[in-house]
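Residue strings, one per chain:
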Amino acid sequence: KAITIEVVNSKEESEIYELKTDAEFLEQAMEEAKEEGLTFEAEEGPYGLMVTIVNGEKAVFEEDNAYWSFNVNGEYCNYGVSEQPVEDGDAFEIVYTKAE
């Protein structure tokens, strides 16, 4: 499967990772993207894995009203990163999002 993962930080700067992967779920693809320079930290939360830091930038809702939003092919992901399916051609976005 050929996919892309785009990270958009709080300054709206974008970093794109292009992968060829056999990953079944997004979390596995993100792990593979570490070889391309993607970094992330996550913790197990009540609704599954919560990604709190991407490429060194922290987004923790309880602390700063911000979170990492996950999209696939322009639509909000319906699943958490550990259950979001990966299909050939998928374009994922991980976007720093601040609630108003």
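Residues numbered from 1 in each chain as written. Predicted model: local features only at pLDDT ≥ 70, side-chain atom pairs only at ≥ 80, totals over all residues. Heavy atoms only, no water.

**Section: the layout of surface pockets**
Estimated volume of the largest pocket: approximately 610 Å³. Along the wall of the largest pocket there are 24 residues; nearest its centre are L49, M50, V51, W68 and Y76. For the lining of the largest pocket, the leading source of residues is strand β4 (residues 48-54), giving 5 residues. For the lining of the largest pocket, the residue count by class is 15 nonpolar, 5 polar and 4 charged. (1 Å grid on protein atoms, 1.4 Å probe; cavity = no way out; pocket = protein on both sides within 12 Å on 5 of 7 lines; lining within 4 Å. Points joined across faces, edges and corners; volume = space filled by probe spheres on them. Helix = DSSP H or I, 4+ residues; strand = E, 2+ residues; numbered from the N terminus. Nonpolar A, V, L, I, M, F, W, Y, C, P; charged D, E, K, R; others polar.)

**Some thoughts on the nonpolar core**
Grouped together as the largest cluster of nonpolar side chains are 26 residues, with contacts concentrated most on I5, M30, W68 and F70. Those elements that provide at least two residues to this core are β1 (2-8), β2 (14-20), α1 (26-33), β4, β6 (66-72) and β8 (91-98). For I5, the residues in contact, after removing those within four places along its chain, are E15, I16, Y17, L19, L26, A29, M30, A33, F92 and I94. (Core = buried A, V, L, I, M, F, W, Y, C linked by side-chain atoms within 4.5 Å. Buried < 20%, exposed > 50% of the residue type's maximum accessible area, 1.4 Å probe, protein only. Contact = heavy atoms within 4.5 Å.)

**Brief notes about the side chain of T97**
Here T97 lies in strand β8. A polar atom in the side chain of T97 sits 3.0 Å from the backbone oxygen of V95. Residues in contact with T97, not counting those within four places in the same chain, are N65, A66, Y67 and S69. (Polar contact = N/O pair within 3.5 Å; in protein donor to acceptor, adjacent residues only side chain to side chain.)

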